[in-house]
Amino acid sequence: MSESKFCKESYVVKTSIVQPPDTNGHGTLFGGKLMAYIDDIAGIAAMRHSRRAVVTASTDSVDFLHPIYAGNAVCLEAFVTYTGRSSMEIFVKVISEDLLTGDRNICALSFLTMVALGEDGKPAPIPKIVPVTDEEMSLYESAKERAEHRKRRRKDSEKRAQSFGTELPWRE
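Before going into details, it helps to say that this report is about the structure given with it.

### Let's talk about the pattern of salt bridges
Enumeration according to the criterion identifies eleven salt bridges in this entry. Notably, a salt bridge pairs Arg 104 with Glu 97, separated by 3.3 Å at the nearest N-O pair. We classify Arg 104 as partly exposed; its relative accessible area is 47%. Bridged by salt links that share partners, the residues Asp 60, Glu 89, Arg 146, Arg 150 and Arg 153 form one connected network.

Below, the structure is given as structure tokens:
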């Protein structure tokens, strides 16, 4: 395994056409379907960088900025923006295109954290990331702040999970 890799080495593009079964009653792509696409492409970018099996550790909030309609193409772009010892932050940009008019919109942006696994199923070391372009540098430099936010959010979730417990919701 090399000591470091460039962001562009993990770059992935995936394009699909939105079919009617993929849409809700408003004729727009189901949010959950888009989230599955986002997780899928982030996993590919993470595996491309680490050359290991990966699991999703977190998905930052996904803001749906613009609807994606049936008949539109949906294009996702992803690459690794930051690395820890075994974890990677992946940036995903979602663009829709009306194939009849050519109109394009950024529909969502998301950051995910993936963890590389060794053959034993435990977190495994990965190459460091090397940003080059202005976009890559900007995302790299702001990654630590996002990571701190994720850690705070995770601790809050763990505390809430303990207070909720695992009892059935219909108990008296």
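### Structural notes on the packing of aromatic side chains
With the rule as written, the count across this model stands at four aromatic pairs. Arranged with centres 6.0 Å apart and planes meeting at 70°, the rings of Phe 79 and Phe 91 form a pair that is edge-to-face. Highlighted residues: Phe 79 in strand β4 (residues 73–83) and Phe 91 in strand β5 (residues 87–97), separated in sequence by twelve residues. Residue classification places Phe 79 among the buried residues on the basis of a relative accessible area of 7%. Accessibility expressed as a relative area gives 8% for Phe 91, which makes it buried. Centre to centre, the rings of Phe 91 and Phe 111 are 5.2 Å apart; their planes meet at 45°, and the pair counts as tilted. Of the two residues, Phe 91 sits in strand β5 while Phe 111 sits in strand β6 (residues 104–117), which places them 20 residues apart along the sequence. Considered together, Phe 91 and Phe 111 belong to a single accessibility category, that of buried residues. Taken together, the ring pairs in this structure connect Tyr 11, Phe 79, Phe 91 and Phe 111 into an aromatic cluster.

### Here's the deal with the side chain of Ser 10
With respect to the element layout, Ser 10 can be found in the loop between β1 (4–6) and β2 (12–17). Among the polar contacts listed, one links the side chain of Ser 10 to the backbone oxygen of Cys 7, at a separation of 2.8 Å. Every residue in contact with Ser 10, bar those within four places of it in the chain, is listed here: Ala 45, Arg 48, His 49, Ala 78, Phe 79 and Val 80.

Here is what the cut-offs are and how they apply
Residues numbered from 1 in each chain as written. Predicted model: local features only at pLDDT ≥ 70, side-chain atom pairs only at ≥ 80, totals over all residues. Heavy atoms only, no water. Salt bridge = Lys/Arg side-chain N within 4 Å of Asp/Glu carboxyl O. Buried < 20%, exposed > 50% of the residue type's maximum accessible area, 1.4 Å probe, protein only. Phe/Tyr/Trp six-rings, centres within 6.5 Å; stacked < 30°, edge-to-face > 60°. Helix = DSSP H or I, 4+ residues; strand = E, 2+ residues; numbered from the N terminus. Polar contact = N/O pair within 3.5 Å; in protein donor to acceptor, adjacent residues only side chain to side chain. Contact = heavy atoms within 4.5 Å.

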